[in-house]
Amino acid sequence: MKSCIQATYLMSKQLDTQLTLLEKMSLRMHLFMCGNCNLCNDQLTTMHDLCSQRITDIHLKGRDKE
Amino acid sequence: MASINDYTQQLAELRPKLVTFTMLQIPDRNYAEDLVQDSIIAAIESIDKYEGKAAFETWVYSILKYKLIDYIRHKKREQERFVSDENDVDIDSFFNNKAHWNVDDTPQQWHNPEELHLRTHFWEVFDFCLLHLPSSTARVFALRELMEMETEEICDSLGISEQNCWTILHRARLKLRSCLERGWFLKTGESA
């Protein structure tokens, strides 16, 4: 896979579903060569992890006030 | 043990946040406020079921979450067509004609918000970015990432294909990434 836009599609998709073997391999190959996409991949994962923490944060903030 | 008055007070304070959260799913403010009102009434009515194990806010959010999911499933039965927004700046603009990152849009190093007070500010920027996405894109993203629904169920309730769902999420994530980077990550990096 040559294009960054396609790579970002697969990065996003892997947060929602299991990639096929071919998709996994082409993403890995691309990430191996492309620093920008590597960074983007980390950031999309960070966003995903932060979102799952949202409700906990609301709770923690509420507790802080008490 | 908190009294019913304490809880009512907490609910009143929580209300605006509940409305904002709901409006990510239901852009119509009147509907959103009705749903929040329903959830607050449900919380008051079942206050004796609140065992104090979870934080009160978390408990109220979970009631709202069920009401929202219910609402979305109901909507499906009404067969309202989900229209995907295409008419805004597309993610293609982040890439050049060879589909590589444009110089101005290349991802920068982020300083992740490890501490709660930083995350509180982060969420304000995040909501701003989310509300600036086209509404149908924001809706799919919120269902997936904030309500933690599976894409299969999202597609089913909105009447779109899973392929379409992944495309919308791809677009949403890249736009949010860019907005968060400009609005939060680079700014906190400067001040650090």
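Residues numbered from 1 in each chain as written. Chains lettered and ligands numbered in written order. Predicted model: local features only at pLDDT ≥ 70, side-chain atom pairs only at ≥ 80, totals over all residues. Heavy atoms only, no water.

### Thoughts on the overall build of chain B
And then number 1: Helices and strands together make up the secondary structure of chain B, namely 7 helices and 0 strands.
And then number 2: Order of helices (α) and strands (β) in chain B, N terminus to C terminus: α-α-α-α-α-α-α.
And then number 3: Put simply, chain B has 192 residues, and 48% of those count as buried.
And then number 4: In chain B, the share of contacts with a sequence separation of at least 24, taken over all contacts with a separation of at least 6, comes to 70%.
And then number 5: Element-wise, carbon and sulfur atoms account for 50% of the exposed surface of chain B, whose accessible area totals about 10,400 Å². (Helix = DSSP H or I, 4+ residues; strand = E, 2+ residues; numbered from the N terminus. Buried < 20%, exposed > 50% of the residue type's maximum accessible area, 1.4 Å probe, protein only. Contact = heavy atoms within 4.5 Å. Areas by Shrake-Rupley, 256 points an atom, 1.4 Å probe, with all protein chains shown as cover.)

### Here's the deal with the confidence of the model for chain B
All names here are of chain B.
And then number 1: Here chain B shows a mean pLDDT of 81. Residues at 70 or above account for 88%.
And then number 2: Put simply, helix α3 (residues 56–77) is where chain B has its lowest mean pLDDT, 77, and helix α2 (residues 29–45) is where it has its highest, 89.
And then number 3: With a pTM of 0.76, the predicted complex shows an ipTM of 0.91. (pLDDT = per-residue confidence, 0-100.)

### Section: the packing of aromatic side chains
All names here are of chain B.
And then number 1: One pass over the structure, following the stated rule, counts 7 aromatic pairs over all chains.
And then number 2: Their ring planes at 45° and their centres at 4.7 Å tell us that Phe 95 and Trp 101 sit as a pair that is tilted. You'll find Phe 95 and Trp 101 in the same group, each marked buried.
And then number 3: Seen from their ring centres, Phe 122 and Trp 123 are 5.2 Å apart, and the 65° between their planes marks the pair as edge-to-face. (Phe/Tyr/Trp six-rings, centres within 6.5 Å; stacked < 30°, edge-to-face > 60°.)

### Some words on the pattern of salt bridges
And then number 1: For the structure shown, the criterion picks out 7 salt bridges over all chains.
And then number 2: For Arg 182 of chain B, the salt bridge goes to Asp 105 of chain B, with nearest N and O atoms at 2.9 Å. Here Arg 182 of chain B is found in helix α7 (residues 162–191), whereas its partner Asp 105 of chain B is found in the loop between α3 and α4 (116–131), with 77 residues between them in sequence.
And then number 3: By relative accessible area, Arg 182 of chain B is classed as partly exposed at 48%.
And then number 4: Close ionic contact of Glu 145 of chain B with Arg 173 of chain B constitutes a salt bridge, the shortest N to O distance being 3.1 Å. Of this pair, Glu 145 of chain B sits in helix α5 (residues 135–146) while Arg 173 of chain B sits in helix α7, placing them 28 residues apart in sequence. For the pair formed by Glu 145 of chain B and Arg 173 of chain B, the shared burial category is buried.
And then number 5: Members of the salt-bridge network, linked through shared partners, are Asp 16 of chain A together with Arg 144, Glu 145 and Arg 173 of chain B. (Salt bridge = Lys/Arg side-chain N within 4 Å of Asp/Glu carboxyl O.)

### Some details on the nonpolar core
And then number 1: Within the largest apolar cluster, 77 residues are counted, with the highest numbers of intra-cluster contacts made by Phe 126 and Leu 130 of chain B.
And then number 2: In this structure Leu 130 of chain B touches Leu 24, Ala 138, Phe 141, Leu 146 and Leu 176 of chain B, once residues within four positions along its chain are discounted. (Core = buried A, V, L, I, M, F, W, Y, C linked by side-chain atoms within 4.5 Å.)

### Comments concerning helix α6 (residues 151–158) of chain B
And then number 1: Residues of α6 of chain B that are buried include every one of Thr 151, Ile 154, Cys 155, Ser 157 and Leu 158 of chain B, and no others.
And then number 2: Phi turns positive one or two residues past the end of α6 of chain B, at Gly 159 of chain B, with a value near 70°.

### Brief notes about the interface of chain B and chain A
Quoted interface sizes are often the accessible area lost when the parts come together.
And then number 1: With 44 residues of chain B at the interface, the matching set in chain A holds 33 residues.
And then number 2: Both sides together, the interface formed by chain B and chain A hides about 3,600 Å², and carbon and sulfur atoms give 64% of it.
And then number 3: Applying the counting rule to chain B against chain A returns 2 salt bridges.
And then number 4: With a closest N to O distance of 2.6 Å, Arg 144 of chain B and Asp 16 of chain A form a salt bridge.
And then number 5: Counting across the chain B and chain A interface gives 13 residue pairs in polar contact (both at pLDDT 80 or more).
And then number 6: Going through the elements one at a time, α3, α4, α5 and α7 of chain B are the ones with two or more residues in the side of chain B that touches chain A.
And then number 7: When residues of the side of chain B that touches chain A are assigned to their parent elements, the largest contribution, 11 residues, is made by α7 of chain B.
And then number 8: Within the side of chain B that touches chain A, the residues separate by chemical class into 20 nonpolar, 11 polar and 13 charged. (Buried area = accessible area lost by both parts, 1.4 Å probe. Polar contact = N/O pair within 3.5 Å; in protein donor to acceptor, adjacent residues only side chain to side chain. Nonpolar A, V, L, I, M, F, W, Y, C, P; charged D, E, K, R; others polar.)

### Details of the packing of helix α1 (residues 4–13) of chain A against helix α3 (residues 35–51) of chain A
All names here are of chain A.
And then number 1: The contact between α1 and α3 brings their axes to 10 Å, and the two run at 25°. Compared by their axis directions, α1 and α3 come out roughly parallel. Once α1 is placed against α3, the crossing between them reads as right-handed. Across the interface between the two elements, Cys 4, Ala 7, Thr 8, Met 11 and Ser 12 of α1 pack against Cys 37, Cys 40, Asn 41 and Leu 44 of α3.
And then number 2: Residues belonging to the contact of α1 with α3 are distributed by class as follows: 6 nonpolar, 3 polar and no charged. (Axes fitted to C-alpha atoms, helices over the stretch in contact; angles between N-to-C directions. Parallel < 35°, antiparallel > 145°, perpendicular 65-115°, else oblique. Left-handed = near helix turned anticlockwise from the far one by under 90°.)

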